[in-house]
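If you want the building blocks of each chain, they are given just below.
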Amino acid sequence: MAQQYPDWTTLPNEILGNIFKLLPSRDKMSFSSTCRRWRDAVETPSLWKKLNVKVDEDFNEPSVIFLTQNYHHYIEELEIGWSVPYVLSEKVFCLRHKETVKRVGRFLILLFERFVQVKHLVIHEWYDIYQLKKLCYLLMRFLKQQNRLESLTLINANMNEMNFSNLLMACLRSKSTIKHIALHYSTYNSRKYFDSWNFANSVEMFYNLETLTIDCWIFLLFFNKVCILQVRICKLKTLNLYMDDTIRKLDTISIVRESQWEMFFVYLPRATVNLNVDKPMRDEQFKKIIQKHYPLITFTWNYPNYKESCYVDCCQCLERLANLQFKTLENIRLTLPLSEEQLKDKIGYIQKKCRKVKSFVFNNVELIKKFTHFESPVQNGVT
């Protein structure tokens, strides 16, 4: 007798639903019309818990709108944006995406009219051009309706004259529930129109905020206003700072004075800092970010390309890091165009100064396990 193998009819709806997650919206709609079993699988709540829509890909036909009409009450996480940054002229954009913009408008109106409430919202690669004015208004209206947001992520989400702090003001109905905010802006106009006063006031209103992930240039301007306004953000536990090569001239935005850095524990009393640097850094730039007045827990540095000054820059910056953050630093991740042997002295210096280091990864090699001299005083029996 031939061996009988199980077929798809024996699979639970939850497993079929996980398979259907991998399908585009158009195929999901087709599968829901195939048979009653597949329709039940498509209606699995976990399948619609997270809705990720790309404006320039998913709205070329109306299936997203039809599916949202049927399953909107399951949505808890929404991610919306463009799959690629906008680079076309406004005239070409209008010709290419005219129908798409109409469908996105209907989608946003549907979310508003059905009173869809999400817990996690991501908006990325959104640009403030004339053809998107109405969509910006509809998206802002949807934000103002939210009353249970827990996390908000904005990645180059520019609207309302490129002032992204207005997006935070639109979420004030969720001011008691938002715990995580992440912002990343790399365009010139984002920095040009950034309203740091408005941003500082907005962040203060989210009084249960626990995690803030922002670019260094935003933080420097924000913290300056926090000190001037004497704003205390008491529940903030984790401050993640990110710096990449989009900031060409750090000197133009580094306006935090030494006396203001000294007030870090006053205005951010519970915050610990994780710093991720994804660019070459010189010592004069490094000292504007690395300060002894805040507790740095994790430091990640990716130095992408070799330069003539690479060795000197790395030595000076690592020495400064060890001298200023030896009391709190626990994790170090370095990806540098230099060998371990070339930086042997500085690695040894960090080992002597930073006794709390638990993880030291250099060019994908964990040094804590490789060298016994990174053992902590407690491990060595020293109190």
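Up top is the structure these notes are about.
In this text the structure is predicted, and so the values were computed from the model without any measurement.

### Focus on the overall build of the protein
Alright, step 1. Looking only at helices and strands, the protein has 18 helices and twelve strands in total.
Alright, step 2. Looking at the protein as a whole, 47% of its 383 residues are labelled buried.
Alright, step 3. Put simply, of all contacts in the protein between residues at least 6 apart along the chain, 80% involve residues at least 24 apart.
Alright, step 4. When the accessible surface of the protein is split by element, carbon and sulfur atoms take 51% of a total near 19,300 Å².

### Let's talk about the side chain of Ser359
Alright, step 1. Along the polypeptide, Ser359 turns up in strand β11 (residues 359-362).
Alright, step 2. Not counting residues up to four positions away in its chain, the partners in contact with Ser359 are Glu330, Asn331, Ile332, Glu366 and Ile368.

### Topic: helix α16 (residues 310-325)
Alright, step 1. For α16, built from 16 residues, the straight-helix expectation of 22 Å at 1.5 Å per residue is met to within 8% by its first-to-last C-alpha distance of 22 Å.
Alright, step 2. For α16, every residue scored as buried is listed here: Cys310, Asp313, Cys314, Cys315, Cys317, Leu318, Leu321, Ala322 and Gln325.
Alright, step 3. Buried residues along α16 sit against α15 (283-289), β9 (296-302), β10 (331-335) and α17 (344-353).

### Here's the deal with the packing of α16 against α17
Alright, step 1. Direction vectors running N to C along α16 and α17 enclose 5°, while the axes themselves pass 9 Å from each other. Here α16 lies roughly parallel to α17, going by the angle between them. For the pair formed by α16 and α17, the contact residues are Cys315, Leu318, Glu319, Ala322 and Asn323 on the first element and Lys346, Tyr349, Ile350 and Lys353 on the second.
Alright, step 2. Its residues assigned to classes, the contact of α16 with α17 shows five nonpolar, one polar and three charged.

### Some thoughts on the nonpolar core
Alright, step 1. Phe107, Trp126, Phe219, Phe299 and Trp301 are the most contacted members of the largest nonpolar core, which totals 105 residues.
Alright, step 2. The element contributing the most residues to this core is helix α12 (residues 216-229), with ten residues.
Alright, step 3. In this structure, Trp301 is in contact with Val277, Lys279, Met281, Asp313, Cys314, Cys317, Leu318, Arg333, Leu334, Thr335 and Leu336, ignoring residues within four places of it in sequence.
Alright, step 4. In terms of nonpolar packing, the next biggest core, distinct from the first, is built from nine residues, Leu16, Phe20, Val42 and Leu47 among them.

### Regarding a nonpolar patch on the surface
Alright, step 1. Taken together, the side chains of Trp197, Ile228 and Leu229 present a nonpolar region at the surface, about 270 Å² in accessible area.
Alright, step 2. As for its placement among the helices and strands, Leu229 is situated in helix α12.
Alright, step 3. Residue classification places Leu229 among the partly exposed residues on the basis of a relative accessible area of 33%.

### Quick notes on a positive patch on the surface
Alright, step 1. A contiguous patch of positive charge, built from Lys179, Lys235, Lys237 and Arg270, is present on the exposed surface.
Alright, step 2. Residue position: Arg270 is located in the loop between α14 (264-267) and β8 (272-278).

About the cut-offs
Residues numbered from 1 in each chain as written. Predicted model: local features only at pLDDT ≥ 70, side-chain atom pairs only at ≥ 80, totals over all residues. Heavy atoms only, no water. Helix = DSSP H or I, 4+ residues; strand = E, 2+ residues; numbered from the N terminus. Buried < 20%, exposed > 50% of the residue type's maximum accessible area, 1.4 Å probe, protein only. Contact = heavy atoms within 4.5 Å. Areas by Shrake-Rupley, 256 points an atom, 1.4 Å probe, with all protein chains shown as cover. Expected span 1.5 Å × (residues − 1). Axes fitted to C-alpha atoms, helices over the stretch in contact; angles between N-to-C directions. Parallel < 35°, antiparallel > 145°, perpendicular 65-115°, else oblique. Nonpolar A, V, L, I, M, F, W, Y, C, P; charged D, E, K, R; others polar. Core = buried A, V, L, I, M, F, W, Y, C linked by side-chain atoms within 4.5 Å. Patch = residues over 30% accessible without salt bridge, like charges linked within 9 Å, V, L, I, M, F, W, Y side chains within 5 Å. Salt bridge = Lys/Arg side-chain N within 4 Å of Asp/Glu carboxyl O. Lys, Arg positive; Asp, Glu negative; His and termini not counted. Charge placed at Lys NZ, Arg CZ, Asp CG, Glu CD.

Structural measurements only, silent on function.
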